[in-house]
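# Structural features, examined
Take a look at the letters that make up each chain.
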Amino acid sequence: MRHETPHPVIPLDDPYVVLSRAGETMHANDAFAELIERHQAPRDLPGMFGSAIFGLIDEACRNGRARGLLPVVTAPEPQPMLRVGIRLRGSDGALGVLLFDMSDEVAWRRQLFERNRELTALNDISRAASSSLEFDVLGQRIHEQISRIMRAHSFYIGLLDREQGLLSFPMYVDDGVPREAATRPWANGISEYVIRTSKPLLLGRDVEASARALGIEPVGRTGGSWLGAPMLAHGE
């Protein structure tokens, strides 16, 4: 009569897997089962991490240990990030793998980085605006800083002449190419709305429909999305 050896209990709160040197799962604890269920990941580490796990396995076989931060390649964006620590077990030559889910921390660090980048760009814009630069240089600086935090292939600066009721565009970039834009009479366009309300405006996806819902009559070509902000001087 054949008796199967039961899988050993691995008394760890964190996900733990015992691997063969070929990357095959020999044993795993309940925490690992919960991890793969949470991320809907394959039950084997090569399936979770792809070829990157074999680099860590090779390093652990040579040096006795290895660790790295790996994405779950089968998961949708943003992919979960796991810290993987591997040790060579002296008793049987297998590999012990301890996993820590770092997804929340990585997401927080990414948000912090993006926030710092945005603040740096805004500070640079503020410094440029308060300097004594020529207007064309100022516009170029502002465009450069905005391009650091978002796609800004199309960009313009509009100036209102209140006495004549005209809106001019001393800086106009269309699909990355600087162009001349004609001065036009004050209308009920998107730019006029931002100037009139003195508030920033973001229109996503269907720009024309979103603008009309605000009582705006778009002038000229509209893009896939539109973002504008007022440049105020002495409250105007």
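Above: the structure in question.
What you see is a predicted model, and the numbers here were worked out from it, not measured in a lab.

## Some remarks on the environment of Phe135
Its location among the elements puts Phe135 in helix H5 (residues 135-149). With 35 residues separating them along the chain, Phe135 and Pro170 place their C-alpha atoms 8.3 Å apart.

## Examining the environment of Leu214
With respect to the helices, strands and loops of the structure, Leu214 is situated in the loop between helix H7 (207-213) and strand E11 (226-228). Each C-alpha atom, one on Leu214 and one on Ile190, is 9.6 Å from the other, the two residues being 24 residues apart in sequence. If near-sequence neighbours (up to four positions away) are discounted, Leu214 is found in contact with Tyr193, Leu201 and Leu203.

## Re helix H3 (residues 52-63)
Because each turn of an α-helix spans 3.6 residues, side chains separated by three or four positions in sequence point in the same direction. The end-to-end C-alpha distance of H3 is 17 Å, a good match for the 16 Å that 12 residues give at a rise of 1.5 Å each. Restricting attention to buried positions, one finds in H3 the residues Ile53, Leu56, Ile57 and Ala60. Along the axis of H3, the buried residues cluster in a sector spanning 105 degrees; they form a single face. Relative to its buried face, H3 has exposed residues pointing more than 90 degrees away, namely Arg62 and Asn63. Gly64 sits one or two residues past H3 and shows a positive phi near 90 degrees.

## Some thoughts on the packing of aromatic side chains
Under the definition given, this model contains three aromatic pairs. Three or more aromatic residues joined by ring pairs make a cluster, and in this case those are Tyr156, Phe169 and Tyr172.

## Section: the pairing of strand E4 (residues 81-88)
Bridge count for strand E3 (residues 65-71) against E4 is seven bridges, and the pairing is antiparallel. Note that in E4 the partner of Leu69 across the bridge is Arg83. Across seven bridges, the pairing between E4 and strand E5 (residues 95-101) is antiparallel. Across the sheet, Leu82 pairs through a bridge with Asp101, a residue of E5.

## A short note on the sheet that holds strand E1 (residues 16-19)
To summarise the sheet geometry, strands pair through backbone hydrogen bonds and adopt either a parallel or an antiparallel arrangement. Strand order across the open sheet formed by five strands is E2-E1-E5-E4-E3, with antiparallel pairing between neighbours. Looking along the sheet, the strands with just one partner apiece sit at the ends: strand E2 (25-28) and E3. Adjacent strand axes in the sheet meet at a mean angle of 25 degrees, parallel and antiparallel pairs treated alike. As judged from the four bridges shared by E1 and E5, these two strands associate in the antiparallel manner. Directly across from Tyr16, in E5, lies its bridge partner Leu98. Packed on one face of the sheet, helix H1 (residues 30-39) meets E1, E2, E4 and E5 and runs near 50 degrees to E5.

## What to know about the pattern of salt bridges
Enumeration over the complete set of coordinates arrives at five salt bridges. The salt bridge involving Asp101 is made with Arg38; its shortest N-O contact spans 3.3 Å. Highlighted residues: Asp101 in strand E5 and Arg38 in helix H1, separated in sequence by 63 residues. Using a relative accessible area of 31% as the deciding quantity, one classes Asp101 as partly exposed. Assessed through its relative accessible area of 52%, Arg38 is described here as exposed. Across the salt bridge formed by Asp174 and Arg179, the nearest N and O atoms sit 3.6 Å from each other. Residues participating in the shared-partner salt-bridge network are Glu208, Arg212 and Glu217.

About the cut-offs
- Residues numbered from 1 in each chain as written.
- Predicted model: local features only at pLDDT ≥ 70, side-chain atom pairs only at ≥ 80, totals over all residues.
- Heavy atoms only, no water.
- Helix = DSSP H or I, 4+ residues; strand = E, 2+ residues; numbered from the N terminus.
- Contact = heavy atoms within 4.5 Å.
- Expected span 1.5 Å × (residues − 1).
- Buried < 20%, exposed > 50% of the residue type's maximum accessible area, 1.4 Å probe, protein only.
- Arc of directions from axis to C-beta.
- Phe/Tyr/Trp six-rings, centres within 6.5 Å; stacked < 30°, edge-to-face > 60°.
- Pairing = 2+ DSSP bridges.
- Axes fitted to C-alpha atoms, helices over the stretch in contact; angles between N-to-C directions.
- Salt bridge = Lys/Arg side-chain N within 4 Å of Asp/Glu carboxyl O.

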